[in-house]
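Take a look at the letters that make up each chain.
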Amino acid sequence: MNHFNLINGVLHAEDVALSDIADAVGTPVYVYSRATFERHAQVFRDALSGLDNPHIAFAVKSNPNLAVLKVLARQGYGADVVSGGEMDRALAAGMAAEDIVFSGVGKTAEEITRALKAGIGQFNIESEEEGRELADIATSLDLTAHAVLRINPDVDAGTHGKISTGKADNKFGVGIHRAAEIYARLSALPNLHMRGLALHIGSQLTSLEPLETAFTKVGVLVQLLRSQGHEVTHVDLGGGLGVRYRDGDNPPEPADYGAMV
Ligand SMILES: Cc1ncc(COP(=O)(O)O)c(C=O)c1O
């Protein structure tokens, strides 16, 4: 459900005719509906309300518009960022630094330094090398980096190949079979507080099945790490549920997703 409707044959965003907006500001123009964002934010929050202290991080790459981020910040959402620029936008939108997750395979030393100084809540480490660099930089700044290790569960998300992120041949995360040994080595580094795992298998997911397969693998790994004496308090679960692009599209319902999680 959204707030874009035909009224007397004219497409409206909430109460405003899009033709009036086009007349006022010209085209092309992007029009967002705050009521729709707020409604979707509420639906997804409700879907996860059965979890213990859930934190929802909006992928800034999907829409870095400051006005949009401000609406989501007011809804209590944090941000998933993959660059210093995205981090700056999330902070400028009023998101608390501790509610921001820094993901992505290309973090530079300069970005890591800035993120540590800003007090970013969580680094999603994509490789052992990145974890070592993060620990080195945190040590040099006399700060602690809170982090999780992104694993690659080798699950086919069943989405378009270009937006698949969790197959073994995708560049993201460490192979799940090597994760425990890497986690142990990173946990021993100074100024690096390892607190859990992350995964992301793809975008525009039209079935819950691959998510459940991947999350189940992570659950098994969490138990293994705990049995080895490691602290695991956070698990960062991705990919995103598909959106309804066309009539007849039938992506999973958020409530079913929440129940599965
Ligand atoms: C770590 C991470 N977060 C978020 C996204 C955005 O996708 P979605 O909104 O479908 O989760 C991606 C996409 O590649 C990603 O790799």
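Conventions adopted
- Residues numbered from 1 in each chain as written.
- Predicted model: local features only at pLDDT ≥ 70, side-chain atom pairs only at ≥ 80, totals over all residues.
- Heavy atoms only, no water.
- Pairing = 2+ DSSP bridges.
- Helix = DSSP H or I, 4+ residues; strand = E, 2+ residues; numbered from the N terminus.
- Right-handed = clockwise from strand over helix to strand, strands pointing away.
- Near = heavy atom within 4 Å.
- Polar contact = N/O pair within 3.5 Å; in protein donor to acceptor, adjacent residues only side chain to side chain.
- Areas by Shrake-Rupley, 256 points an atom, 1.4 Å probe, with all protein chains shown as cover.
- Nonpolar A, V, L, I, M, F, W, Y, C, P; charged D, E, K, R; others polar.
- Expected span 1.5 Å × (residues − 1).
- Buried < 20%, exposed > 50% of the residue type's maximum accessible area, 1.4 Å probe, protein only.
- Arc of directions from axis to C-beta.
- Contact = heavy atoms within 4.5 Å.
- Axes fitted to C-alpha atoms, helices over the stretch in contact; angles between N-to-C directions.
- Parallel < 35°, antiparallel > 145°, perpendicular 65-115°, else oblique.
- Left-handed = near helix turned anticlockwise from the far one by under 90°.

(A) Here's a closer look at the pairing of strand S11 (residues 234–237). When strand S10 (residues 192–199) meets S11, the two strands line up parallel, connected through four bridges. From the neighbouring strand, Ala198 faces S11, where its bridge partner is Asp236. With respect to chirality, the unit in which S10 leads through helix H8 (residues 209–227) into the neighbouring parallel S11 is right-handed.

(B) Representation of the site of the ligand within the structure. Close to the ligand lie Ala59, Lys61, Asp80, Ser103, Arg150, Thr165, His200, Ser203, Gly239 and Gly240, which account for all nearby residues. Separating an oxygen atom of the ligand from a side-chain N or O atom of Ser203 is a distance of 2.7 Å. In this structure, an oxygen atom belonging to the ligand sits 3.1 Å away from a main-chain N or O atom of Gly240. For the ligand, whose free accessible area comes to 390 Å², the fraction covered by protein is 77%. Counted by class, the shell around the ligand contains one nonpolar, six polar and three charged residues.

(C) Focus on helix H2 (residues 34–47). Counted at 1.5 Å a residue, the expected span for H2 with its 14 residues is 20 Å, and the 20 Å between its end C-alpha atoms agrees. Buried within H2 are the following residues: Thr36, Ala41 and Ala47. Buried residues of H2, viewed axially, fall in a sector of 130°; they line one side. On the buried face of H2, the contacting elements are strand S1 (4–7), helix H3 (66–74) and helix H9 (254–260).

(D) Main features of the sheet that holds S1. Strand order in this open sheet of three strands is S1-S2-S3, and the pairing throughout is antiparallel. The open sheet has two edge strands, S1 and strand S3 (16–17), and neither has a second partner. Note: S1 against strand S2 (residues 10–13), four bridges, orientation antiparallel. Looking at S2, one finds that Ile7 is bridged to Val10.

(E) Quick peek at the packing of H2 against H3. The contact between H2 and H3 brings their axes to 10 Å, and the two run at 40°. Relative to H3, the element H2 lies oblique. As H2 runs across H3, the sense of the crossing is right-handed. Facing H2, whose interface residues are Arg34, Phe37, Glu38 and Ala41, H3 presents Val68, Val71, Leu72 and Arg74. Split into classes, the residues belonging to the contact of H2 with H3 amount to five nonpolar, no polar and three charged.

(F) Fine view of unusual backbone geometry. The residue after Thr27, namely Pro28, is reached through a cis peptide bond having omega 0°. Position of Pro28 among the secondary structure elements: in the loop between helix H1 (18–25) and H2. The backbone of Asp154 sits at a positive phi, close to 55°, despite the residue not being glycine. Relative to the helices and strands, Asp154 is located in the loop between strand S8 (145–152) and strand S9 (174–175). Owing to a relative accessible area of 37%, Asp154 belongs among the partly exposed residues under this scheme. Non-glycine residue Gln204 carries a positive phi angle of around 55°.

(G) Region of interest: H8. Taking 1.5 Å per residue as the helical rise, H8 with its 19 residues ought to reach 27 Å, and the 27 Å between its terminal C-alpha atoms agrees with that figure. Within H8, burial applies to Pro210, Leu211, Ala214, Phe215, Val218, Leu221, Val222 and Leu225. The buried residues of H8 occupy one face: seen down the axis, they fall within an arc of 120°. Seen from the open side of H8, the exposed residues pointing more than 90 degrees away from its buried face are Glu209, Val220, Gln223 and Ser227. Directly after H8, the chain includes Gly229, whose backbone phi takes a positive value near 90°.

(H) Up close: the pairing of S2. Between S1 and S2, which pair antiparallel one after the other, the connecting turn spans two residues, and Asn8 there sits at a positive phi close to 50°. Note that S2 and S3 share two bridges and pair antiparallel. Counterpart to Ala13 in the pairing with S3 is Val16. Hairpin connection of S2 to S3: two residues between the antiparallel strands, including Glu14 at a positive phi of 55°.

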